[in-house]
Amino acid sequence: MRKLAWINFKYGFKQYLSLVISLAFTVLVLFNFQNLICSGAFEILGTRNREYVEMIINMITFVLVCFMFFFIWYSTDVFLTRRKKEIGIYVFMGLSNEKIGKLYFLETVFTGLWALFLGLFFGALSSGLFQMILLAISDLTVEIHFRPGLKPVFVTAGIYGAVYLIFAVKGYVNLVRSSVLGMISAAKQNEYVRQSKAILFIKSAAGTAVLGSGYYLAVKRDQGGAMGNALAAVALVTAGVYLLFGGLIPLIFQTAAGNKRFLYKNQRILWVNSLIFRMKKNYRTYAMVSILLLCSVTALATSFAMRGRYDSIIRFENTYTFQLLSPWQELDEQAAAVIGDGNDIVVRSRIPLLCVDPSYVNTKYPDSRYTILSWSDLKELARETGMEFPIAPLGDDQIVKISHLYLMSLITDKSGITVAIGGRTYSQVEDISIPYMGYLQENMNFYVVNDEEYRRLRSFGEELYACSYRIGDPGNFMETRDRLDRFVAGLEDGHTARVAIDPESNELDWVKVMYSVCIFMFLVFVLASGSIMFMKLYNDAFEEKGRCQVMLKMGFDRGTLKKAMKAELAVAYGLPFAVMGISSFFSVGALARMMFTDLTGVNLVSVAAVLGILVLWYGLSLQACEKNAGL
Amino acid sequence: MNHVEEKNNMTTAPAQRVHVAVVKNLIKTYGGKGFQTRVLKGIDLDICRNDFIAVMGPSGSGKTTLLNILSTIDKPTQGTVILDGQDITRVSNRELSRLRRDKIGFVFQDYNLLDTMTLQDNIALPLSLSGVSGKECVEKVRKLASLLGIEEHLKKYPYQLSGGQRQRGATCRALVTEPEIIFADEPTGALDSKSGRELLECFKMVNDRGQATILMVTHDPFCASYAKDVYILSDGKILCRLSRGGDRKEFYDRIIDVQTSMGGDFLCQ
Ligand SMILES: Nc1ncnc2c1ncn2[C@@H]1O[C@H](COP(=O)(O)OP(=O)(O)O)[C@@H](O)[C@H]1O
Ligand SMILES: [Mg+2]
């Protein structure tokens, strides 16, 4: 028995190849990720970021294991249907179902081991490269020591083995339970082909509605419920895409095939029919690939957007190097002299502000530090520092919030917010994030009111002066800070606060990790969707061989058949790509709303990146399919 | 070797006869050095426009081999085959493809309809791929299909059709390009006798209407009796030629007689 399985494995190797490759691929991905965790690449981020990083790692591990689960499920399922009819022949040789099941089980175990071995081997080969790429992308300024160890190997083998075993056993049970007839006719599933128009129509309508509401939820603005919306949108879009490929797209193709003037042109008669013929069998694959592509493009866009946001946050925080809060207006000149000793002060500003006691303030999101600025003072500051000033003169009951840059925010709707201060309710007319107050904006809530209101509110708080400076050479930071600290300590009033922002701090490095991890996810998803599509087409092309031979006999030249195949593959890749492209507009749109920025450019670039990779997959598939079809 | 030749004076006058294919001294050997089998040992054959020829012989006598060579799928070892005025041994593969597509129609034993498309599309396939307009395709397909009695099945897929319907569909596909000649290899081989008869009636009808020149190979005398001329192939050679006078039944009896008179190896198929 074991020998038979081994012989089968050896001779059927070519057929197993697609399974082995795809399994090896999942192993490679998992191994690389485990390796990254164990390599200590994350530890350099220091303890401050540990929480975030651990959260990210857990999240990704979860996604990867889910992904692996489905991927193995899919590839073993494809494999089982194909093996069923071949292995089913043994029924005629008098083998019992149990024996055949065992045979299949052993074959899959051989295959699985072989894939594990290959995956680990290539994983080890590629891991160094992989980490280098990731770290280059994230440009962490720290040296990484590669610590090759056995732990990632064991963890990977363990997870993979457990998942794989489930499906090997599932295949065994399936074979043991299937009837003889079911086994040998497993391949003769010609009964799909054309589907009834009524059903397709219902499915199309349902799909359009579901997908539409998913899109709507994704882009809807919301005050706090964005997370729930996003989850619902994900579920709806997933279901909608399945219905789309199960309904509208076959409907369109069938209608097109019914129009003979359209169909009998160029090679359409071949590839359109071919697509319809396989649609019912393949639509789940198309849908899955679309969704994986959507994940990948969203991951990439997130990465680009994060990268952009990271840069602007750093710029934002480093608007000033030193900031002093003091009741003494004259401190400005003295501090400037201290800081300016041996430094260029490139940006400098001073503004009075009103620290309001939180008990006088009532907002939707209570905080402990509220600070009021007057419109004219802020305008003067903007002029001094050369920042833009887009705030129109304010009415008595109007207020503008000056906030910091969020990485992301779940509050996507900022209209209709009111703020009550000192017994008066203001309506918030704008929320802008220009770094007038630099790093202070991270920790305090700044509001702008008109000058009269500012004067009125004086009685509710204490007026301080914020003096801010940026030095030209970040290399002088330490030395200057110490000097400034000595100066502040010598003031002996005890009311002056000092904020220093180290331009070379790595406090935000976890964001870098985040966006490199997003790129990693992008690669995983795009490779996965490509390889699923590839496997599908690779297998389908075997069926094409007989048909091609007949047509060659009838005198159709290879060029025609190749053209038809090209068109078919292009549509097979093009459909999920198109669905992804349209959906990405909404998923990236949702992201843009959470980040309060315009990501259209990022969206286009990400879609183009996916397109580039898909074109490569297409070329690869075309080669393989032409070979399999004997063209 | 008993080479029987019957004089043929019942067919159309020689002056009107246009050659479609001329085969001279055709020899085909399989295998390499030291291990050669000669399958065809010098075949001479003339096929003229509107002929309906059956090549009959026992299994393994080289019928398929002959047909494959005539239809340019295979190459002869020796001898000349002139098809539509061109010597197929001297023509490039590309030309041969073109020749097959434009001048030859095929009816295979196992139908070979494409299961990915409806019968209508299957029949329209050769026309559509050679650039005929959609409207014209639809028109031609409909005409032929109604002639062969499968019009109501056009929207169905091959798997929804019986063997006989499929084979008539395949015949339609072969006829639709109006080829110079149709080659049929055991066209009734996979059919029950009733469907087989219907198919042969179709062959006979299109031939009688002057729409097709047919060369059919078969091992079945009943099948062969539908043809105008029957060549008996045995051991790589054409042993004799029989021509139908009038009645098909009488012709069938004659074929059986000749078959019996040749005895031995012929009966064991
Ligand atoms: N490709 C081949 N290689 C070697 N021998 C062949 C090949 N094809 C056919 N033959 C042999 O040629 C002979 C005639 O075959 P075929 O033409 O198929 O006979 P028929 O169709 O009359 O039954 C058979 O003996 C067969 O074994
Ligand atoms: Mg034969």
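Here is what the cut-offs are and how they apply
Residues numbered from 1 in each chain as written. Chains lettered and ligands numbered in written order. Predicted model: local features only at pLDDT ≥ 70, side-chain atom pairs only at ≥ 80, totals over all residues. Heavy atoms only, no water. Helix = DSSP H or I, 4+ residues; strand = E, 2+ residues; numbered from the N terminus. Buried < 20%, exposed > 50% of the residue type's maximum accessible area, 1.4 Å probe, protein only. Contact = heavy atoms within 4.5 Å. Areas by Shrake-Rupley, 256 points an atom, 1.4 Å probe, with all protein chains shown as cover. Lys, Arg positive; Asp, Glu negative; His and termini not counted. Charge placed at Lys NZ, Arg CZ, Asp CG, Glu CD. Near = heavy atom within 4 Å. Polar contact = N/O pair within 3.5 Å; in protein donor to acceptor, adjacent residues only side chain to side chain. Nonpolar A, V, L, I, M, F, W, Y, C, P; charged D, E, K, R; others polar. Pairing = 2+ DSSP bridges. Axes fitted to C-alpha atoms, helices over the stretch in contact; angles between N-to-C directions. Parallel < 35°, antiparallel > 145°, perpendicular 65-115°, else oblique. Left-handed = near helix turned anticlockwise from the far one by under 90°. Buried area = accessible area lost by both parts, 1.4 Å probe. Salt bridge = Lys/Arg side-chain N within 4 Å of Asp/Glu carboxyl O. Expected span 1.5 Å × (residues − 1). Bend = angle between axes of the 7 residues up to and from the residue. pLDDT = per-residue confidence, 0-100.

A.B. asks: Please set out the overall build of chain A residue by residue, giving values where relevant.
C.D. replies: Assigned secondary structure in chain A consists of 18 helices and 10 strands. Dimensions of chain A, computed from the C-alpha atoms along their principal axes, are close to 100 × 60 × 45 Å. Classification of the 631 residues of chain A by burial places 52% in the buried group. When contacts within chain A are restricted to residue pairs at least 6 apart in sequence, long-range pairs at least 24 apart make up 86% of them. When the accessible surface of chain A is split by element, carbon and sulfur atoms take 62% of a total near 28,100 Å². Charged side chains in chain A number 61 positive and 52 negative. The centres of these two groups are separated by 23 Å.

A.B. asks: Kindly report on the site of ligand 1, identifying the contributing residues and their values.
C.D. replies: All names here are of chain B. Surrounding ligand 1, one finds Tyr30, Val39, Pro58, Ser59, Gly60, Ser61, Gly62, Lys63, Thr64 and Thr65. Serine 61 is positioned with one of its backbone polar atoms (N or O) 3.3 Å from an oxygen atom of ligand 1. Between ligand 1 and threonine 65, the relevant distance is 2.5 Å, taken from an oxygen atom to a side-chain nitrogen or oxygen of the residue. Burial of ligand 1 by the protein amounts to 53% of the accessible area it has alone, namely 560 Å². Looking at the shell around ligand 1 element by element, the count peaks at 3 residues for helix 1 (residues 63–70). In terms of residue class, the shell around ligand 1 is built from 3 nonpolar, 6 polar and 1 charged.

A.B. asks: So what's going on with the sheet that holds strand 3 (residues 37–48) of chain B? Residues and values would help.
C.D. replies: All names here are of chain B. Strand order across the open sheet formed by 4 strands is 3-2-5-6, with antiparallel pairing between neighbours. Only two strands of the sheet have a single partner each, and these edge strands are strand 3 and strand 6 (86–87). Strand direction decides the pairing type here: strand 2 (residues 19–30) and strand 3, joined by 9 bridges, are antiparallel. Residue valine 22 lies in a different strand from strand 3, and its bridge partner there is aspartate 46. Contacting strand 2, strand 3 and strand 5 (78–83), helix 1 crosses the sheet at an angle of about 55 degrees to strand 3.

A.B. asks: How would you sum up the environment of A:Leu236? Please name residues and give values.
C.D. replies: Residue and element names in this part refer to chain A. With respect to the element layout, leucine 236 can be found in helix 8 (residues 226–258). With 391 residues separating them along the chain, leucine 236 and lysine 627 place their C-alpha atoms 39 Å apart. When near neighbours in sequence (up to four residues on either side) are disregarded, leucine 236 contacts Val210, Ser213, Gly214 and Leu217.

A.B. asks: Can you lay out the packing of helix 16 (residues 509–553) of chain A against helix 18 (residues 600–628) of chain A for me, pointing to particular residues and giving the numbers?
C.D. replies: All names here are of chain A. At their nearest, the axes of helix 16 and helix 18 sit 9 Å apart, and the two run at 25 degrees to each other. Relative to helix 18, the element helix 16 is oriented roughly parallel. Handedness of the helix 16/helix 18 crossing: right-handed. Facing helix 16, whose interface residues are Phe522, Val526, Leu527, Gly530, Ser531, Phe534, Leu537, Tyr538, Ala541, Phe542 and Lys545, helix 18 presents Ala609, Val610, Ile613, Trp617, Leu620, Ser621, Ala624, Cys625 and Asn628.

A.B. asks: Hey, could you go over the interface of chain B and chain A for me, with residue numbers and the actual values?
C.D. replies: Counting residues at the interface gives 28 residues for chain B and 28 residues for chain A. If you sort the residues of chain B by the area they bury against chain A, B:Thr116, B:Leu129 and B:Tyr159 come out on top, with a joint share of 22%. Linking chain B with chain A are 2 salt bridges, by the criterion used here. Linking chain B to chain A there are 6 residue pairs in polar contact (both at pLDDT 80 or more). Only helix 2 (93–103), helix 3 (119–129) and helix 4 (134–147) of chain B provide two or more residues apiece to the side of chain B that touches chain A. If you tally residues by element for the side of chain B that touches chain A, the top one is helix 3 of chain B, at 7 residues. Classifying every residue of the side of chain B that touches chain A gives 14 nonpolar, 7 polar and 7 charged.

A.B. asks: Got a sec to walk through the packing of helix 3 of chain B against helix 4 of chain B? Specific residues and values, please.
C.D. replies: Residue and element names in this part refer to chain B. Contact pair helix 3 / helix 4: the axes reach a minimum separation of 9 Å and the direction vectors enclose 125 degrees. Between helix 3 and helix 4, the angle falls in the class oblique. Crossing of helix 3 against helix 4: the hand is right-handed. On helix 4, the residues touching Gln120, Ile123, Ala124, Leu127 and Ser128 of helix 3 are Cys137, Val138, Lys140 and Val141.

A.B. asks: Describe helix 17 (residues 558–595) of chain A, listing the residues and the values that go with them.
C.D. replies: All names here are of chain A. Here helix 17 contains 38 residues, and its C-alpha end-to-end distance of 53 Å stays within 8% of the 56 Å for a straight helix at 1.5 Å per residue. For helix 17, the principal kink sits at serine 583 and spans about 30 degrees. Taking the backbone nitrogen of glycine 559 as reference, a side-chain oxygen 3.1 Å away marks aspartate 557 as the first, capping residue of helix 17. Positive phi shows up at phenylalanine 596, right after helix 17, with a value of about 50 degrees.

A.B. asks: Lay out the side chain of A:Thr302 with the relevant residues and their values.
C.D. replies: Positionally, A:Thr302 belongs in helix 10 (residues 268–317). Residues within four places of A:Thr302 in sequence aside, it is in contact with A:Met408, A:Cys518 and A:Leu591.

A.B. asks: Could you give an account of helix 18 of chain A, with specific residues and numbers?
C.D. replies: For helix 18 of chain A, with 29 residues, the first-to-last C-alpha span of 41 Å sits near the 42 Å given by 1.5 Å per residue. Once helix 18 of chain A finishes, A:Gly630 follows within two positions and takes phi at roughly 70 degrees, a positive value.

A.B. asks: With reference to specific residues and values, describe the confidence of the model for chain A.
C.D. replies: Residue-level pLDDT values for chain A average 83, and 90% of them are 70 or greater. Across chain A, element-level confidence peaks in helix 18 of chain A with a mean pLDDT of 93 and bottoms out in helix 6 (residues 180–184) of chain A with 64.

A.B. asks: Any chance you could break down the pattern of salt bridges for me, citing the residues and the numbers?
C.D. replies: For the coordinates displayed, the defined rule picks out 40 salt bridges over all chains. A:Arg278 is paired through a salt bridge with A:Glu568; the nearest N and O atoms lie 3.4 Å apart. Of this pair, A:Arg278 sits in helix 10 while A:Glu568 sits in helix 17, and the two are 290 residues apart along the sequence. The residue B:Arg101 makes a salt bridge to B:Asp102 at a minimum N-O spacing of 3.2 Å. By sharing partners, the salt bridges in this structure join A:Arg278, A:Lys281, A:Asp540, A:Glu543, A:Glu544, A:Arg547, A:Glu568 and B:Asp115 into a single network.

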